[in-house]
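Listed here are the chains, written in short residue letters.
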Amino acid sequence: MTDDTGEPAASDDDPATGGDPTDVPIDRFHEALEAEERPVATASEVARRLGTTQAAARDALSDLVERGDVDRLDVESDPVVFYPSDWGALASRERVVAFPSRREIVVDRPTQFTRARLSQFAYLVDTTGTEPGTRGYLYRIRQEDVWAAPFEDADGLIGSLRAVLPRRADHLEEWVRDQWRRAHRFRLYTHEDGYVVLEAANESLMGNVAESHLEDGQLRAPISETEAWVNEDAVASVKRALYDAGYPVEDDRDLETGDPVDIDLTTELRDYQETWVDTFLESRSGVYVGPPGSGKTIAAIATIAAVGGETLILVPSRELAGQWRDELLAHSTVDPADVGLYHGGEKEIRPVTIATYQIAGMDRHRSLFDSREWGLICFDEAHHVSAPVYSRTAELQSKHRLGLSATPVRETGNEEEIYTLIGQPIGADWDALFEAGFVQEPEVEIRYVPWREELARNEYVSADGRERRRLAAENPAKVAEVRYLLAAHRGKKALVFVEYLDHGEAIADAIGAPFVSGETPHHDRAELFRRFREEGSDLDVLVVSRVGDEGIDLPNAELAVVASGLGGSRRQGSQRAGRTMRPEGSALVYVLATRGTSEEEFAQRQMRHLARKGVRVRETNVAE
Ligand SMILES: Nc1ncnc2c1ncn2[C@@H]1O[C@H](COP(=O)(O)OP(=O)(O)OP(=O)(O)O)[C@@H](O)[C@H]1O
């Protein structure tokens, strides 16, 4: 990158400087207290924090005392100290502190409104504290967040930024504008003669940026000072190279729609789903990001109907392929004969074909991609797209590309691939979804389980590596804990998740429930899931190994107990919780972690991910 951003002056970092020192609003006094990490402060401490003289601070504090905002306390032989009159307000109010030069924003006890705003243009790095009311949220604005921010223009984005920040941050605004500009400097479009053109906003961008970052052969020939003819095969790599150079490319090419498929949606879309679909149709690519159960599949079916072309749907597992087919038939007028499944079991290619990533990634099934004129490729659980499928995706740049993901693209780590090869995230704000009641907010409780058996503890202590992790996962005291939790919620539909087969079998035996693992034949699995879903059925509890982790539609699950599996990714944590985040059910998630082992930390990390989404997380120590 040649002309990077230029860090703003360091003085910006101190939130307590600037402003008129003689007129200290109560907020500034609160900030000074926070900075001192004390509930009271002397005038000279306040002066130091606010960057003013002691006399000015004393005057300002007197004003505040007069207004009734602050009280003073004369401490014998010590200087006078000041404290806010309304402690309650201090404890419950939101505080936003900006560190513009680091492009970071820390918010204590953010309101839903602030969180929704920030989620549009900032990345949530971390939260501290798990109890509501004690959380601090650390946000960072990265360049890709600005590039992907859902605004019409930079002014809209700046307006939203100003609404959140306690005061203007000129350097930060300048940087945001610069990043916004970068995202609108290069554009791809289809020439009326059918070839693809890369257009730069000016000559020097074409000369300096494009030429120095693109390789021979990616561009065929210049058309003008600001336009070049792009080699059809190199469209994805051009986008990728310019993205890496800090200039994401707008893609305005005409896309193929494939042979027509005429279907109508038979379910009425919710408002936010309509917005997703409209946004997609405008940009012709994108990823719907919403929590599990928020209706991405239905929105995708609406998108298929709207694009009206032959569609290839890629999913992570065979079960999901079957479910997709059922959903298509249930929510649209598609002719069942037009829907094909393509996976280890069946190999049908139809106008709407549902295939697994596994098969799609295999060289010998390459023809899947070019056997029809697909107009739309839909990537379900888009964070699963594997490297071979990505490289094939790169070849599919002329199609409409739709991704679906419950994990915000900003947290998957492979966002560059997703942004450049599939499309920008299109998302509803999760809080808004919870608030609208479309998705239930789960309550998550991490339960720290002690070792109850000396033998097990000793084995753990003397083991190392993977074995140690397994022993922590299989702490026998967890079996009793599972039994206790199920008894406490008797009659509720419950899923117990495990990582290890032995553990699953031990728990299944102890509670007398079936265990579904990778070794369970597909047919039996489907049958168990069906019985679990069935109203009034006697099957209330299933123990599930990793196979059940993703996308299996068990909308009536009311309770999930994650008994082991804490070595997994953050995403797994949210997916497991996701199983119970369906519109129905009372959505309770328990995570069991063996106390004093790395499981504690894993559990917290996984659940932090949910806490970021505003989900309530509670911690409990199980008695010895
Ligand atoms: N517009 C709608 N009207 C009525 N019901 C809907 C609508 N959209 C979604 N639903 C219902 O909500 C549930 C969840 O929808 P859907 O399966 O599309 O969610 P999802 O976001 O794809 O979930 P996951 O990420 O787990 O795959 C389904 O039972 C679906 O029928």
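Looking at an unreviewed UniProt entry, the protein chain carries the name Putative DNA 3'-5' helicase Rad25, with the source organism given as Halorubrum cibi. UniProt lists a comment for the protein chain under the heading Sequence similarities (unreviewed entry), and it reads "Belongs to the helicase family. RAD25/XPB subfamily."

### Considering the overall build of the protein chain
Helix and strand counts for the protein chain stand at 25 helices and 26 strands. The buried share of the protein chain, taken over its 624 residues, is 53%. Within the protein chain, counting contacts between residues at least 6 apart in sequence, those at least 24 apart form 70% of the total. Here the protein chain displays about 26,600 Å² of accessible surface, and carbon together with sulfur accounts for 46% of that area.

### Quick word on the packing of aromatic side chains
One pass over the full model with this rule turns up seven aromatic pairs. Here Y272 and W276 contribute two aromatic rings whose centre-to-centre distance is 5.3 Å and whose plane-to-plane angle is 70°, an arrangement assigned as edge-to-face. A residue pair is termed a helical-turn pair when its members lie 3 or 4 positions apart in one helix, as Y272 and W276 do in helix α11 (residues 271-283) at four residues. Y272 sits in the buried class, given a relative accessible area of 13%. Ring geometry for W451 versus Y460: centroids 5.2 Å apart, planes at 40°, classification tilted. With a relative accessible area of 7%, W451 lands in the buried category.

### Let's talk about the sheet that holds strand β8 (residues 186-190)
In spatial order, the strands read β10-β11-β9-β8-β12; together these five strands make up an open sheet with mixed pairing. Two strands bound the open sheet, and with one partner strand each, they are β10 (219-222) and β12 (249-252). Adjacent strand axes in the sheet meet at a mean angle of 25°, parallel and antiparallel pairs treated alike. In this structure, β8 lies alongside strand β9 (residues 196-200), joined through five bridges in antiparallel fashion. Across the sheet, L188 pairs through a bridge with L198, a residue of β9.

### Some details on the confidence of the model for the protein chain
With 79% of its residues at a pLDDT of 70 or more, the protein chain has an overall mean of 79. Per-residue pLDDT stays below 50 along residues 581-585; that stretch engages in 20 contacts with residues further than four places along the chain or on separate chains. Interface predicted TM-score (ipTM) for the complex: 0.97; the corresponding pTM is 0.56.

### Regarding the sheet that holds strand β15 (residues 339-342)
Read from one edge of the open sheet, seven strands run β15-β16-β14-β17-β18-β13-β19, paired in parallel fashion. In this open sheet, the two strands that pair with only one neighbour each are β15 and β19 (425-427). Mean inter-strand twist for the sheet, computed between neighbouring axes without regard to direction, equals 20°. For strand β14 (residues 311-315) and strand β17 (residues 376-379), the ladder comprises four bridges, and the chain directions are parallel. Pairing of T311 across the sheet is with L376, part of β17. Contacting β13 (285-289), β17, β18 (400-405) and β19, α11 runs over the sheet at an angle of about 160° to β13. Sitting on the sheet, helix α12 (residues 296-307) is in contact with β13, β14, β17 and β18, with an inclination near 170° to β18.

### Some remarks on the nonpolar core
By size, the foremost hydrophobic cluster in this structure holds 31 residues, and its most contacted members are Y288, I313, W324, L328, I354 and L402. Of all the secondary-structure elements, those providing two or more residues to this core are α11, α12, β14, α13 (318-331), β15, β16 (352-356), β17 and β18. A total of seven residues in this core trace back to one element, the largest contributor, which is α12. With residues near it in sequence (within four places) discarded, W324 still touches T297, A300, I301, I304, I313, V315, I354, C378, D380 and L404. Counting 25 residues, the second-largest nonpolar core is a separate cluster that includes V107, L118, A169 and W180.

### Let's talk about the environment of E232
With respect to the secondary-structure elements, E232 resides in the loop between β11 (227-230) and α10 (235-244). Owing to a relative accessible area of 45%, E232 belongs among the partly exposed residues under this scheme. For the pair E232 and S398, spaced 166 residues apart in sequence, the C-alpha separation works out to 9.1 Å.

### Here's the deal with α12
Taking 1.5 Å per residue, twelve residues should reach 16 Å; α12 reaches 16 Å between its end C-alpha atoms and fits that length. The buried fraction of α12 amounts to nine of the twelve residues, a majority that puts the element mostly inside the structure. All of the buried residues along α12 are K296, I298, A299, A300, I301, A302, T303, I304 and V307. Residues of α12 that are buried make contact with α11, β13, β14, α13, β17 and β18. Just past α12, the residue G308 takes up positive phi, approximately 70°.

### A short note on a negative patch on the surface
There is a patch of like negative charges on the surface, built from E152, D153, E268, D271, E274, D278 and E282. Looking at the element boundaries, D271 is found in helix α11.

### Digging into unusual backbone geometry
Positioned with a positive phi, R103 is a non-glycine residue whose angle comes to about 55°. Summarising the element assignment, R103 is placed in the loop between β4 (95-99) and β5 (104-108). Judged by its relative accessible area of 17%, R103 is buried. Look at E381: it is not a glycine, yet its phi comes out positive at around 45°.

Rules used in this analysis
- Residues numbered from 1 in each chain as written.
- Predicted model: local features only at pLDDT ≥ 70, side-chain atom pairs only at ≥ 80, totals over all residues.
- Heavy atoms only, no water.
- UniProt positions renumbered as here; feature names shortened; annotations may be inferred.
- Helix = DSSP H or I, 4+ residues; strand = E, 2+ residues; numbered from the N terminus.
- Buried < 20%, exposed > 50% of the residue type's maximum accessible area, 1.4 Å probe, protein only.
- Contact = heavy atoms within 4.5 Å.
- Areas by Shrake-Rupley, 256 points an atom, 1.4 Å probe, with all protein chains shown as cover.
- Phe/Tyr/Trp six-rings, centres within 6.5 Å; stacked < 30°, edge-to-face > 60°.
- Pairing = 2+ DSSP bridges.
- Axes fitted to C-alpha atoms, helices over the stretch in contact; angles between N-to-C directions.
- pLDDT = per-residue confidence, 0-100.
- Core = buried A, V, L, I, M, F, W, Y, C linked by side-chain atoms within 4.5 Å.
- Expected span 1.5 Å × (residues − 1).
- Patch = residues over 30% accessible without salt bridge, like charges linked within 9 Å, V, L, I, M, F, W, Y side chains within 5 Å.
- Salt bridge = Lys/Arg side-chain N within 4 Å of Asp/Glu carboxyl O.
- Lys, Arg positive; Asp, Glu negative; His and termini not counted.
- Charge placed at Lys NZ, Arg CZ, Asp CG, Glu CD.

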